Amino acid sequence: MFYLTREQLPFFLPLGFIGVYRWFFFLIRIIAWCLYRPHRPRTRPRYKSSRDVTIIVPTIDSGEEIKLAVRSWLKSDPNEIIFVTIPKAEQDLLRLAREVDPDSRKIRVITIPRPNKRNQMVAGINHTRTEIIVFCDDDVIWPPTMLAYLLAPFEDRQMGGVGTSQTVMAVNKRWTIWEILSAYRISMRNIEITATTYIDGGVCCLSGRTAAYRTKILLDPDFQWKFTHEFWLGRFHQHSGDDKFLTRWLHAHQWKTWIQACQEAELSSTFKDNWRFLLQLLRWTRNTWRSDMRSLFFERHVWFRHPFVAFSMLDKMFNPFTLLAGPVTVVYLCVRGGEQLPIWVVIVSYVTWLLVTRLLKYMPHFVKRPQDIFTLPIWIVFNVYFALMKLYCLFTLHITDWGTRTGADHNTKASEKETMDIYTPHW
C-alpha cells in the first residue's frame, strides 16, 4: 500500500495506487448500478406462470418459515411446486401441502433415498412438464409479482437463466449482529450483480435462493451427469456450489443470463442469526474460490462472453491481499516510528478514513436501515477477519461439505438403482 502525507497536513491520508484503483472500480459499479433498468413484463407475454413455471424446492429440514414461504410462492400463481425431499421428511411436507393447498392442485412431494441437493434437483427436473423451472430455497419469501418479472427476460429466446436481488429478513423481531453483517454483504452483492448485468449482461452467480432456467437446458443428459458428478481435483465430490455450476454451464453453452434487480422481483430470506453464519460463509467462500478458478483458468468462456464479470472474479481473488495491506502498513509505520506525524495521528486518521469511506460505500444499505450505522466499526473489523478467512478457505478447498445442515452431507455410497433413478423422466 502506498500512502500520501504532507508536512502541511496534520493528518495521514492512506490513499495510494491500490486505493485509487479500488475506488475507480467501485465508481464504475455505482454508475452502472444507477443506469441499470430491469425488464418489465409485456402486456401479452410469451410465458405465463400458471402454464409455464414449475418451482422445484430441494429440502430436508425445513422450519416453520416454509409455510409463509409457500404461501408467498402460490400468490405468484405457478403451474406447480415440487418438493424433493427424503422419506423421513415426506409426511411433514404432505401435511404442509394439505394445509396451504387443500385442493392438492399445485403442490407435489417426491422423494429420493438419500439427501443430496444436486441429486434432488435433478430428480425434480425430470418430474417437470413446463418450459421454465425456478429453483428456490425453502425459506425465501417472494412478492406476488416475482414470477411475472422472472419470466420477462425470457422473451429473448437466448435467455437461459434469470436471478433476482435479495434482502435479509430477520428470524426474530430484533436483528442480531450476524443478520446485520449478512445485510451488509447482500447490499453490496446487489450492487455488484446489477452492475455486471448492465455492463456486459453477465453475472458471477445466479443465486440458488431463487433462479429461473429454461427446462430444456436442464434436461440435457450431459448436464445432469456432470452436475451430479462434479469433483474438485478429481477426488472431492462437491455437495454444494450448485448455483455456481449452473451459471458456468450457461456461460459455456452460449446462453444469456440476467438479474432482475427491482422491488417487484426482490426476495426476502432468513440468514443464520448466530455464529453459524460463519459456517455458511466458509461454504460460500470455498465455492467461490473453486468455481471462479474453474471459470477463469480452466474453462475460460467467461473471458470472451463477459469480460467485466471475469475481471470482477479476478479482483475478488486479490481482494483479501489488498484489504489486509492497509492495516498491515499502518501497523508497520507505527512500529517503525520516525514518521513526521505522531503515531496517534496516523491511527486516528486511518480509522476515520475507514469509517467515512465505508459509510459512503454502504449508503444504499443505510438508506433502508439507518440504525445500522452504529455497527459500522464491527463491519470493518469483520472485513479483516473475512480477508483472513478467504485465505484459510483457499488452502482448504478439499472440504466440500455443507457444514450447516444435519444430514446434507450423506457420504454413504448409494446403490446403482438409487443413483440412476433420478435421471429417469417422469413426465
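The shown structure was predicted, so the numbers you read here are calculated from the model rather than taken from an experiment.

## Points about the packing of helix H11 (residues 277–299) against helix H16 (residues 376–394)
Here is step 1: Two numbers describe how H11 lies on H16: the axes approach to 9 Å, and their chain directions differ by 55°. Classified by the angle their axes make, H11 and H16 are oblique. Seen from above, H11 lies across H16 with right-handed handedness. Residues Phe277, Leu278, Leu281, Leu282, Thr285, Arg286, Trp289 and Met293 of H11 lie in contact with H16, whose contacting residues are Phe382, Tyr385, Phe386, Met389, Lys390, Tyr392, Cys393 and Leu394.
Here is step 2: In terms of residue class, the contact of H11 with H16 is built from 13 nonpolar, one polar and two charged.

## Remarks on the sheet that holds strand E2 (residues 80–85)
Here is step 1: Judged by pairing direction, the sheet is mixed, and its seven strands sit side by side in the order E3-E2-E1-E4-E8-E6-E11 without closing on themselves. In this open sheet, the two strands that pair with only one neighbour each are strand E3 (107–111) and strand E11 (256–260). Here the average twist between neighbouring strands, direction ignored, is 20°.

## Points about the packing of helix H9 (residues 221–228) against helix H10 (residues 242–252)
Between two packed helices, the angle of one axis relative to the other and the distance separating the axes together describe the packing.
Here is step 1: Taken N-terminus to C-terminus, the directions of H9 and H10 make an angle of 145°; their axes are 11 Å apart at the nearest point. The way H9 lies across H10 gives a crossing that is right-handed. Residue-level inspection shows Asp222, Phe223, Lys226 and Phe227 of H9 in contact with H10, the latter providing Asp242, Phe245, Leu246 and Trp249.

## Some remarks on the sheet that holds strand E12 (residues 267–269)
Here is step 1: Sheet architecture is open: three strands sit in the order E5-E12-E7, paired in mixed fashion. Because the sheet does not close on itself, it has two edges, and the strands there are strand E5 (140–141) and strand E7 (166–168).

## Some points on the nonpolar core
Here is step 1: Core analysis: the biggest nonpolar cluster contains 36 residues, and Ile55, Val70, Trp73, Phe83 and Trp142 have the highest contact counts within it.
Here is step 2: If one sorts the elements of this core by residue count, helix H6 (residues 146–151) sits on top with five residues.
Here is step 3: Grouped together as the second largest cluster of nonpolar side chains are 28 residues, Ile82, Val203, Phe223 and Leu250 included.

## Quick word on helix H1 (residues 17–35)
Here is step 1: In this model, H1 (19 residues) spans 27 Å end to end at C-alpha, consistent with the 27 Å of a helix rising 1.5 Å per residue.
Here is step 2: Within H1, burial applies to Gly19, Arg22, Phe25, Phe26, Arg29 and Ala32. Along the axis of H1, the buried residues cluster in a sector spanning 160°; they form a single face. With respect to the buried face of H1, the exposed residues turned more than 90 degrees away are Phe17 and Phe24.

## Here's the deal with the packing of aromatic side chains
Here is step 1: The full count for this structure, using the stated rule, is 22 aromatic pairs.
Here is step 2: When the ring of phenylalanine 25 is compared with that of phenylalanine 311, the centres are 5.2 Å apart and the planes differ by 80°; the resulting orientation is edge-to-face. Pair noted here: phenylalanine 25 is in helix H1 and phenylalanine 311 is in helix H13 (residues 307–336), with a separation of 286 residues, a long-range link.
Here is step 3: Judged by relative accessible area, which is 5%, phenylalanine 25 ranks as buried.
Here is step 4: Here phenylalanine 245 and tryptophan 249 contribute two aromatic rings whose centre-to-centre distance is 6.0 Å and whose plane-to-plane angle is 20°, an arrangement assigned as stacked. With phenylalanine 245 and tryptophan 249 both in helix H10, this residue pair falls four residues apart, about one helical turn.
Here is step 5: The exposure class assigned to phenylalanine 245 is buried, which follows from its relative accessible area of 8%.
Here is step 6: Residue tryptophan 249 is classed as buried on the basis of its relative accessible area, which comes to 8%.
Here is step 7: Every member of this aromatic cluster is reached through a ring pair, and the members are Tyr184, Phe277, Tyr362, Phe366, Trp379, Phe382, Tyr385 and Phe386.
Here is step 8: The residue whose ring lies beneath lysine 361 is tryptophan 23, and the NZ or CZ to ring-centre distance is 5.5 Å.

## Let's talk about the pairing of strand E8 (residues 210–214)
The side chains of a regular strand alternate between both faces of the sheet.
Here is step 1: Among the five residues in E8, five count as buried, and that is most of the element.
Here is step 2: Of the two faces of E8, the one carrying Thr210, Ala212 and Arg214 and the one carrying Ala211 and Tyr213 are both buried.
Here is step 3: Sheet topology note: the strand E4 (residues 132–136)/E8 ladder contains five bridges and is antiparallel. Pairing of phenylalanine 135 across the sheet is with alanine 211, part of E8.
Here is step 4: Two elements, strand E6 (residues 159–164) and E8, share three bridges in a ladder whose sense is antiparallel. By the bridge assignment, glycine 161 is partnered in E8 with tyrosine 213.

## Some words on a nonpolar patch on the surface
Here is step 1: A contiguous nonpolar surface patch, about 450 Å² in accessible area, is contributed by Leu27, Ile31, Leu35, Tyr198 and Ile199.
Here is step 2: In terms of residue count, H1 provides more of the nonpolar patch than any other element does, three residues in total.
Here is step 3: Tracing the backbone shows leucine 35 in helix H1.
Here is step 4: By relative accessible area, leucine 35 is classed as partly exposed at 46%.

## Here we look at the environment of phenylalanine 231
Here is step 1: Secondary-structure assignment places phenylalanine 231 in strand E9 (residues 231–232).
Here is step 2: Not counting residues up to four positions away in its chain, the partners in contact with phenylalanine 231 are Phe236, His237, Gln238 and Arg294.

## Some details on the environment of proline 41
Here is step 1: Within the element layout of this structure, proline 41 appears in the loop between H1 and helix H2 (49–52).
Here is step 2: Placed 110 residues apart in sequence, proline 41 and leucine 151 show a C-alpha to C-alpha distance of 7.5 Å.
Here is step 3: Setting aside anything within four residues of it in sequence, one finds proline 41 in contact with Ala148, Tyr149 and Ala152.

Reading guide: rules and limits
Residues numbered from 1 in each chain as written. Predicted model: local features only at pLDDT ≥ 70, side-chain atom pairs only at ≥ 80, totals over all residues. Heavy atoms only, no water. Axes fitted to C-alpha atoms, helices over the stretch in contact; angles between N-to-C directions. Helix = DSSP H or I, 4+ residues; strand = E, 2+ residues; numbered from the N terminus. Parallel < 35°, antiparallel > 145°, perpendicular 65-115°, else oblique. Left-handed = near helix turned anticlockwise from the far one by under 90°. Contact = heavy atoms within 4.5 Å. Nonpolar A, V, L, I, M, F, W, Y, C, P; charged D, E, K, R; others polar. Pairing = 2+ DSSP bridges. Core = buried A, V, L, I, M, F, W, Y, C linked by side-chain atoms within 4.5 Å. Buried < 20%, exposed > 50% of the residue type's maximum accessible area, 1.4 Å probe, protein only. Expected span 1.5 Å × (residues − 1). Arc of directions from axis to C-beta. Phe/Tyr/Trp six-rings, centres within 6.5 Å; stacked < 30°, edge-to-face > 60°. Lys NZ or Arg CZ within 6 Å of the ring centre and 35° of its normal. Patch = residues over 30% accessible without salt bridge, like charges linked within 9 Å, V, L, I, M, F, W, Y side chains within 5 Å. Areas by Shrake-Rupley, 256 points an atom, 1.4 Å probe, with all protein chains shown as cover. Salt bridge = Lys/Arg side-chain N within 4 Å of Asp/Glu carboxyl O.

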